[in-house]
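# Remarks on the overall topology
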Amino acid sequence: MAKRTGGRAMPDDQNSPPYAASAAAASAPPPLPPVEKGARPDRTGLGIVLMCATCLIFGWQDAFSRVLGAEYPPVLVVMIRYWVFALFVIAMVSRQPGGLKRAIRTRRPRTQILRGAILVIETTLMVEAFVRLGLVGTHAIFTAYPLLVAALSGPILGERVGWRRWTAIAVGFVGILIILQPGRTDLNLGAVLAFVCALLFAIYGLLTRHVSRDDPAQVSFFWTGIAGAVTVTILGIRQWEWLAPADWIWMGLLCVCGILSHYLLIRAYEVAEASALQPFAYTQLAWVSLIGVLVFGEVLQPHVVIGTGIVVAAGLFTLWRARVGPAGLQPTGKAAPKTRS
């Protein structure tokens, strides 16, 4: 349960990051655990509205990233965005109990740095995928992320994955094949990048759950932003070039979207449970589809719609089974109930 001491406290439960293809969303504070009865009034409706608004802003954030990524090296776009994001992280963490002094102290520094580096690489590749494949196609493939989390939770975290979730994973990857149509169309490099991004984001999410066993949310939030900013600076500073005056407007809008979306996401997790918000995180698919079609002239192919629907349904089922099936979240070293998810 998030504790309020001084400033607004960040949520504590780091086990269920939302679907969010604009990878900045992944570094937002994790969701709140269930609220105890009588702790505060039910504000789930407000949380859902905030989540939908967040996903709309994420959609525009991806659109601005695509515009800039078509003109400049994606790593340069991500580097500037991360510099601004790092300032936002410092400002937010400074308001938490213990401030920056507490946020810096981590029991797993190597893993925290690795998380930040993975997220930077994922974000950079995502921008490149937006340029090569478009918003619609990239997000359609990226929806495989929850399935990859379920598939990798065993080898990485030692969790049990039952036959129901393995079946959902298999069905979800059938949806991916429907989207890609191997043998009927040439494999676009953007599609490969989108799938690699889903894989990296899944690993990032699992590492976040791993460090949550020892580090509170504000520590992970701090290290995600700062380690990410340092990593992307090392990777991208040699590609520095000044943006055209008009393009600084796009960059400013991108940074504003990043800050505003994170703030709304934090607020959403403060007022509602993650389990209630998770399905509405997929509204980002609808927003980016509209933006892709109306702004960039992308075509929404029937096979992409069908395949995406299958992947989303399979992903939501795996998330649901992980919550209702106790064995789905227990390490293999511990005795598990007979029922498996």
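Residues numbered from 1 in each chain as written. Predicted model: local features only at pLDDT ≥ 70, side-chain atom pairs only at ≥ 80, totals over all residues. Heavy atoms only, no water.

## Details of the pattern of salt bridges
Stated precisely, the cut-off is as follows: In the sections that follow, a salt bridge refers to a side-chain nitrogen of Lys or Arg positioned within 4 Å of a carboxyl oxygen of Asp or Glu. Where helices and strands are cited, they refer to DSSP runs of H or I of at least four residues and of E of at least two residues respectively, numbered from the N terminus.
One pass over the full model with this rule turns up five salt bridges. Close ionic contact of R107 with D214 constitutes a salt bridge, the shortest N to O distance being 3.7 Å. With R107 in the loop between α3 (99–104) and α4 (109–133) and D214 in the loop between α8 (189–211) and α9 (217–236), the pair connects residues that are 107 residues apart, well separated along the chain. Between R267 and E270 there is a salt bridge, and its shortest N-O distance comes to 2.8 Å.

## Description of the side chain of D62
Condition: Burial classes follow relative accessibility: with a 1.4 Å probe on protein chains only, a residue under 20% of its type's maximum area counts as buried, one over 50% as exposed, and anything between as partly exposed. Positive charges come from Lys and Arg, negative ones from Asp and Glu, while His and the chain ends are left out of the count. Pairs of N or O atoms are called polar contacts if they sit within 3.5 Å, as long as, within protein, a hydrogen donor faces a hydrogen acceptor (for residues adjacent in sequence, only side-chain-to-side-chain pairs).
By the secondary structure assignment, D62 is in helix α1 (residues 44–69). It is R81 that comes nearest to the buried, bridge-free D62 among opposite-charge side chains, at 5.5 Å. A distance of 3.3 Å separates the side chain of D62 from the side chain of Q284, its partner in a polar contact.

## A word on the packing of aromatic side chains
Quick reminder of the rule: Note on aromatic pairs: the rings of Phe, Tyr and Trp (six-membered ring only in Trp) are paired at centre separations within 6.5 Å, and the planes decide the class, stacked below 30 degrees, edge-to-face beyond 60, tilted for the rest. Criterion for a charge above a ring: Arg CZ or Lys NZ at most 6 Å from the ring centre, at most 35 degrees from the ring normal.
The tally for this structure, following the rule as stated, stands at 14 aromatic pairs. When the centroid spacing of 5.1 Å and the interplanar angle of 80 degrees are considered together, the rings of W240 and W242 count as edge-to-face. Looking at W240, the relative accessible area reads 30%, which means it is partly exposed. Among the aromatic side chains, those forming a connected cluster through ring pairs are Y82, F85, F88 and F221. Residue placement shows R66 over the ring face of F296; its charged tip is 4.3 Å from the ring centre.

## A few points about the packing of helix α2 (residues 74–94) against α4
Packed helices, taken two at a time, are described by the angle between their axes plus the distance between the axes. To keep it simple, the criterion reads: An axis is simply a line fitted to the C-alpha atoms; with a helix, the fit covers only the stretch in contact. Between two such axes, the angle follows the N-to-C directions and lies from 0 to 180 degrees. Oblique is the label for any angle not covered by the other classes, which are roughly parallel (under 35 degrees), roughly antiparallel (over 145) and roughly perpendicular (65 to 115). Left-handed is the label given to a crossing in which the near helix is rotated counterclockwise from the far helix by less than a right angle, and right-handed is the label when the rotation is clockwise. By the convention used here, residues are in contact when the closest approach between their heavy atoms is within 4.5 Å. Polarity classes work like this: nonpolar for Ala, Val, Leu, Ile, Met, Phe, Trp, Tyr, Cys and Pro, charged for Asp, Glu, Lys and Arg, and polar for all others, with Gly in that last group.
Contact geometry of α2 with α4 gives a least axis separation of 9 Å together with a crossing angle of 130 degrees. Our classification of the angle between α2 and α4 gives oblique. For the pair α2 and α4, the crossing hand works out as right-handed. Every residue of α4 that contacts α2 at P74, V75, V78, R81 and Y82 is listed here: L119, V120, T123, T124, V127 and E128. Residues belonging to the contact of α2 with α4 are distributed by class as follows: seven nonpolar, two polar and two charged.

## A few points about helix α12 (residues 283–296)
Think of an α-helix as turning once every 3.6 residues; residues three or four places apart then point the same way. Going by this rule: Given a helix with a known number of residues, its expected span is that number minus one, times 1.5 Å. Each direction from the helix axis to a C-beta atom contributes to the arc, which is the arc of those directions.
End to end, α12 covers 19 Å across 14 residues, agreeing with the expected 20 Å (1.5 Å per residue, within 8%). All buried positions along α12 are accounted for by Q284, L285, V288, S289, I291 and G292. Down the axis of α12, the sector holding all buried residues measures 165 degrees, keeping them to one side. Close packing links the buried residues of α12 with α1, α5 (135–142) and α13 (302–324).

## A word on the nonpolar core
When a protein is soluble and globular, its nonpolar side chains tend to lie buried together. Basically, it comes down to this: Here, nonpolar core refers to any group of buried Ala, Val, Leu, Ile, Met, Phe, Trp, Tyr and Cys residues whose side-chain atoms link them within 4.5 Å.
In terms of nonpolar packing, the biggest core is built from 67 residues, with Y82 and M251 touching the most fellow members. If you tally residues by element for this core, the top one is α2, at 13 residues. Apart from residues lying up to four places away in sequence, Y82 is in contact with L119, V120, T123, T224, G225, G228, A229 and V232. Counting residues in hydrophobic clusters, the runner-up holds 16 residues, among them L147, A150, A168 and A314.

## Concerning the confidence of the model for the protein chain
Here is the rule: Scored from 0 to 100, pLDDT reflects the predictor's confidence in each residue.
Averaged over every residue, the pLDDT of the protein chain is 82; the share at 70 or more is 82%. Confidence, read as mean pLDDT per element, is least for helix α11 (residues 274–277) in the protein chain (77) and greatest for α4 (95). Ignoring residues within four places in sequence, the model shows residues 327–341, a span with pLDDT below 50, making 35 contacts including any to other chains.

## Thoughts on the packing of α1 against α4
Their axes nearest at 9 Å, the elements α1 and α4 cross at an angle of 75 degrees. On the basis of their axis angle, the class for α1 and α4 is roughly perpendicular. On α4, the residues that touch D62, S65, R66 and G69 of α1 are V127, F130 and V131. Looking at the contact of α1 with α4 residue by residue, the classes come out as three nonpolar, two polar and two charged.

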